[in-house]
Number of protein chains: 2
Amino acid sequence: MDTTKRFRAARENFRWDDVAKLAYKQEGSAPFKDISRQVLFEEPSLGCQLRYFEMQPRGYSTLERHEHVHAVMILRGHGTCLVGDEVRRVKPRDLITIPRMTWQQFRADEAEAMGFLCMVNQARDKPQLPSADDLDALRRNRRIADFLDAAHHD
Amino acid sequence: MDTTKRFRAARENFRWDDVAKLAYKQEGSAPFKDISRQVLFEEPSLGCQLRYFEMQPRGYSTLERHEHVHAVMILRGHGTCLVGDEVRRVKPRDLITIPRMTWQQFRADEAEAMGFLCMVNQARDKPQLPSADDLDALRRNRRIADFLDAAHHD
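Treat the numbers as computed from the prediction; the structure is a model and nothing was measured. (Residues numbered from 1 in each chain as written. Chains lettered and ligands numbered in written order. Predicted model: local features only at pLDDT ≥ 70, side-chain atom pairs only at ≥ 80, totals over all residues. Heavy atoms only, no water.)

Visitor: Help me get a handle on the pairing of strand E9 (residues 86-90) of chain B, residues and values and all.
Guide: Pairing analysis gives five bridges linking strand E8 (residues 79-83) of chain B to E9(B), with the strands arranged antiparallel. In the sheet register, Leu82(B) faces E9(B), and the bridge partner there is Val87(B). (Pairing = 2+ DSSP bridges. Helix = DSSP H or I, 4+ residues; strand = E, 2+ residues; numbered from the N terminus.)

Here you go:
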C-alpha cells in the first residue's frame, strides 16, 4: 500500500488501488458494528488525513467525542447521525462538521451501506467514551434516546 | 455562507447549503476555462481546506505548479489530467496526489462536467505559471503536447 502514488484508481464497491481496507479500530476497545476504514491520503506536508469509513447496513460507528475536529462528507448511502444534541438524516454529499468535544455517532440504514469521507488532523487526541452519567444526560433528549436505542448498543 | 455549521445539506447539481459558488481565480490572472470553486471546509484547527472544483464540458484548470501538495478525489464526470510527466484518464473516486513543484492541469471531457475534491493546506504558496521554456520542455513529451493542444490554450 502506498498512499503517496500520484494516481490511485477507484475500483468497484468503494475500494481503491494501493489503499488497504482496515479495521475501524481495535476490537473490544469501544462499541461499534460492521464498519471499516480506508486511509486515502496521509501526505505529511498536509497535516491532515482523508479517510473513508464505511458501515454495512445497520452498522454504526462508536459514540465518542474528542478535542479534534472532524470534517465529514457522506459519499454513499443513507443513514442517521448524532452530533451534539442533534440527530439528522444524511444522504450522499451532505457535509457535517463535528466540533471539539461533541458527542458523535453515525449509523447506516437497514437497506444499504453508508460511507463517508472524514478529514482530520494527523496529530490528534484519543476519543473519549461516554460515562453512564453522560449517557443518562444524552438520553434525556427523546430523539437522542431513540437514536441510541436504534443503534443496538448491546 | 457559514462553513462552520454542523449540518450543510447537499443540493442538486453539486451545490450545498451555506457554500458559495466562487470564481476559480481572478479573471485574467492565468489561463483557465469554465471552472468554479466551492470551499466545503475551512475549519482553522484542521489547517487544511477541502474544496470542490467543477469544470463544465471542455473546461480546464490552470496549468501550474506550487510548493504545496494537493490531494484530489474525482467526484463527478470524466476527464484527463496532467501530473508531472504523466497524462491520465480519470473517473469518479480516482485519487490523485500532486507533489510539490509538479506541473498539473485538469480537463473535463466534451460530454460532461467534471468535478473533484481537493484537500490543501490553508497556508500555501502562490501557484507558478510555466515560462515559454517550461512549455517547450513539457511539449517534448508527445502525450503532454497532445493534452495541452486539446485544452485549447488560446
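Visitor: Lay out the pairing of strand E11 (residues 104-108) of chain A with the relevant residues and their values.
Guide: All names here are of chain A. Counted residue by residue, E11 has five buried out of five residues, so it is predominantly covered. Burial along E11 is two-sided: the residues Gln-104, Phe-106 and Ala-108 and Gln-105 and Arg-107 are all buried. Taken together, the five bridges between strand E8 (residues 79-83) and E11 define a ladder with antiparallel strand orientation. Of the residues in E11, the one forming a bridge with Thr-80 is Arg-107. (Buried < 20%, exposed > 50% of the residue type's maximum accessible area, 1.4 Å probe, protein only.)

Visitor: Can you break down helix H2 (residues 142-150) of chain A residue by residue, with the values?
Guide: For an α-helix, the turn length of 3.6 residues means that residues three or four places apart are oriented alike. Residues and elements named next belong to chain A. Among the residues of H2, Ile-144, Ala-145, Phe-147 and Leu-148 are the ones counted as buried. Here the buried residues of H2 occupy an arc of 160° about the axis, which is enough to place them on one side. Exposed residues pointing more than 90 degrees away from the buried face of H2 are listed as Arg-142 and Arg-143. For H2, the secondary structure elements touched by its buried residues are E8, strand E9 (86-90), E11 and helix H1 (132-139). (Arc of directions from axis to C-beta. Contact = heavy atoms within 4.5 Å.)

Visitor: Tell me about the environment of Ser29(A), and name the residues and values.
Guide: Residues and elements named next belong to chain A. Position of Ser-29 among the secondary structure elements: in the loop between strand E4 (22-23) and strand E5 (33-41). Residue Ser-29 is classed as partly exposed on the basis of its relative accessible area of 37%. Once the C-alpha coordinates of Ser-29 and Glu-54 are considered, the two residues, 25 residues apart in sequence, prove to be 18 Å apart.

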